[in-house]
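# Examination of the molecular architecture
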Amino acid sequence: MNRNQKQRILGLFVAFFLCLIGSTAAAKYPLMTSELRMFEGQAAKVSGVLPVQTQVSVDRPGIVAMDGSSSLQTKIGPGQSLKVVSLTSGAADLKLKLFGKLPYKTVKVKVVPELKVIPGGQTIGVKVKSDGILVVGHHQINESSGKVSPGEQAGLKLGDLITHLNGIKLKDAKEVSEIVEKAGSSNKPLEVTFKRGSEVKTTRLKPGYDAKDGVWRLGLYIRDSAAGVGTLTFYAPKQGVYGALGHVITDMNTQTPIVVGSGQVVQSSVTSISRSENGEPGEKRAIFVKEGKQLGTIERNTSFGIFGKMDKNPDHSLYGEPVPVAFAEEVKEGPAEILTVVNGQQVERFKVEIVHVAKQHTPETKGMVIRITDPNLISKTGGIVQGMSGSPIMQNGKLIGAVTHVFVNDPKSGYGCFIEWMLQDAGISISSDKENNLKAG
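Criteria and thresholds
Residues numbered from 1 in each chain as written. Predicted model: local features only at pLDDT ≥ 70, side-chain atom pairs only at ≥ 80, totals over all residues. Heavy atoms only, no water. Helix = DSSP H or I, 4+ residues; strand = E, 2+ residues; numbered from the N terminus. Buried < 20%, exposed > 50% of the residue type's maximum accessible area, 1.4 Å probe, protein only. Contact = heavy atoms within 4.5 Å. Areas by Shrake-Rupley, 256 points an atom, 1.4 Å probe, with all protein chains shown as cover. 1 Å grid on protein atoms, 1.4 Å probe; cavity = no way out; pocket = protein on both sides within 12 Å on 5 of 7 lines; lining within 4 Å. Points joined across faces, edges and corners; volume = space filled by probe spheres on them. Nonpolar A, V, L, I, M, F, W, Y, C, P; charged D, E, K, R; others polar. Pairing = 2+ DSSP bridges. Axes fitted to C-alpha atoms, helices over the stretch in contact; angles between N-to-C directions. pLDDT = per-residue confidence, 0-100. Polar contact = N/O pair within 3.5 Å; in protein donor to acceptor, adjacent residues only side chain to side chain. Salt bridge = Lys/Arg side-chain N within 4 Å of Asp/Glu carboxyl O. Phe/Tyr/Trp six-rings, centres within 6.5 Å; stacked < 30°, edge-to-face > 60°.

### Let's talk about the overall build of the chain
The helix and strand tally for the chain stands at six helices and 32 strands. Scored against the burial criterion, the 441 residues of the chain give a buried share of 47%. Summarising the internal contacts of the chain: among those between residues at least 6 apart in sequence, 67% fall at separations of at least 24. Surface exposure of the chain reaches about 21,100 Å², of which carbon and sulfur atoms provide 50%.

### Regarding empty space enclosed by the protein
Applying the stated criterion across every chain, the model contains two cavities of 30 Å³ or more. Computed from the structure, the largest cavity encloses a volume of approximately 70 Å³. Lining of the largest cavity is provided by Q122, T123, Q267, S268, L295, P314, D315, H316, V341 and Q345. Taken together, the residues of the lining of the largest cavity break down into three nonpolar, six polar and one charged.

### Overview of the sheet that holds strand β30 (residues 392-395)
One closed barrel holds the six strands; their spatial order is β27-β28-β29-β32-β31-β30, and the pairing between them is antiparallel. When the angles between neighbouring strand axes are averaged without regard to direction, this sheet yields 45 degrees. The strands touched by helix α6 (residues 419-426) within the sheet are β31 (398-407) and β32 (410-418), with β32 carrying the most contacts at an inclination of about 55 degrees.

### Some thoughts on the confidence of the model for the chain
Per-residue pLDDT for the chain averages 86, and the proportion of residues at 70 or more is 86%. Low confidence marks residues 20-27, where pLDDT is under 50. Its contacts with residues over four positions away, or in another chain, come to four contacts. For the stretch residues 432-441, pLDDT sits under 50, and the model shows 29 contacts to residues farther than four places along the chain or on other chains.

### Considerations on the sheet that holds strand β3 (residues 54-58)
With respect to topology, five strands assemble into an open sheet ordered β1-β8-β7-β3-β5, the strand pairing being mixed. Each having just a single partner strand, β1 (35-39) and β5 (73-76) make up the two edges of the open sheet. Pairwise comparison of adjacent strand axes, ignoring direction, gives a mean angle of 25 degrees for this sheet.

### So, the pairing of strand β7 (residues 90-98)
Summarising the sheet, β3 and β7 pair through five bridges and their orientation is antiparallel. Bridged to T54 within β7 is L98. Direction of pairing for β7 relative to strand β8 (residues 102-112): antiparallel, over a ladder of nine bridges. Across the sheet, residue A91 finds its bridge partner in β8, namely K110.

### Focus on the pairing of β5
The alternating pattern of β5 places T74 and I76 on a buried face and Q73 and K75 on a face that is not buried. Sheet topology places β3 next to β5; four bridges connect them, and they run antiparallel. Across the sheet, residue T54 finds its bridge partner in β5, namely I76.

### Some remarks on the environment of S225
The residue S225 is located in strand β19 (residues 220-236) in this model. When its relative accessible area of 36% is taken as the criterion, S225 is described as partly exposed. Apart from residues lying up to four places away in sequence, S225 is in contact with V128 and K129. A distance of 3.4 Å separates polar atoms of two side chains, one belonging to S225 and the other to D224.

### Side note on α6
Burial analysis of α6 places six of its eight residues in the buried class, the great majority of the element. Inspection of α6 places I419, E420, W421, M422, L423 and A426 among the buried residues, and these make up the whole buried set. Directly after α6, the chain includes G427, whose backbone phi takes a positive value near 95 degrees.

### With respect to the pattern of salt bridges
For the coordinates displayed, the defined rule picks out 18 salt bridges. The closest approach of N and O atoms between R196 and D160, which form a salt bridge, is 2.8 Å. Taken as a pair, R196 in strand β15 (residues 190-196) and D160 in the loop between α3 (150-153) and β13 (161-165) lie far apart in primary sequence, 36 residues in all. The buried category is assigned to D160, whose relative accessible area is 1%. Where E330 meets K398, a salt bridge forms, and the shortest distance between an N and an O atom there is 2.7 Å.

### Looking at unusual backbone geometry
A positive phi angle, close to 55 degrees, is found at N166, a residue other than glycine. Mapped onto the elements of the fold, N166 is located in the loop between β13 and β14 (168-169). A positive phi angle, close to 55 degrees, is found at K366, a residue other than glycine. By the secondary structure assignment, K366 is in the loop between β28 (347-357) and β29 (368-372). Among the residues examined, K366 registers a relative accessible area of 46% and is labelled partly exposed.

### As for the packing of aromatic side chains
For the structure on display, the rule yields three aromatic pairs. With a centroid separation of 4.3 Å and 5 degrees between ring planes, the pair formed by F39 and F327 is classed as stacked. Taken as a pair, F39 in strand β1 and F327 in the loop between β26 (323-324) and β27 (334-341) lie far apart in primary sequence, 288 residues in all.

Take a look at the structure:
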């Protein structure tokens, strides 16, 4: 049997062996994955790639090192571990050979600049104005011909966002009555520009005269603002931005996401808590304090929360200095803690258990399932309550995510999202560039 035949037989044996061990090997032997992401200065300890002796070589030792040295290659066998250390940002390849001879695969190692933020936990007041006027209901007007809703007749639906009337950009609901009065008095229909989801549409609406009140009306219930309380997740001092809530703000009537025109976050103080019970999620009751002191602006409202500018770490933080953040794949099932407020403005730590971690390679909500285990928090809140969304989740000294939702029928449990996706929506790029730059927009 010649050398090529031996290698072919060996290759077939390895292929059969890999199929046999299946997907469970990827968890037991981390370097079986195709990509390994690390922050600068981070070390990853991984066990043998397979239960056979394996040779690992690196094509760019200036980016990563193995076993703490700049060696070009090393060997690991069954039960042995390999320490990979990231030296500087960039990309390198770890090339694996089984039995020191047979090329098996290449693992792409991506090293990005170190990223640290300050975990929050403070209760914040949220005040947001929509980028237009939201239709939240139809209103019947008493006309001589009977009860009608001009807005409904014009085809406007709940959740539509009116952005212009006769070409005039709407910034405040107070502007509407004057424009409607003028159109009605001149007996001319209004040209209405509105958004329905991602579509921009137009319609013509003839105001109706309400004889009872003596005014011209659209026949619509409208709203231009919303307010509430939530929890600050992080403040990034280097970039001057923050992230909070962990989920999108929706209008209470239409359940449509609010398109932000402007907004601000202010200090808030918890006055009392309505405890969660099975089937009845509780809530934090809080008041806005120091109305003149704005903590930050609100520029975006996304599936992962609200984001904007902030120029300093708000009061009552448990952290004076930034801490590392974790990639989604670093989050593990097991003990963790959340930071939140249950009385006044003081942030406290509470124990939780991460009971499930989803495999996510692109931004998705519901990244992990958490369960409150801290008896002190359970006694005060019954579990997760409304207003706790955005509470930072910490594990092994790193910020890994935020609380987002409670399970209505099991309020001690709920969902959390990965911090990686919140950072992305805040405009902080986790890339292989030399700096973590702030994205435009």
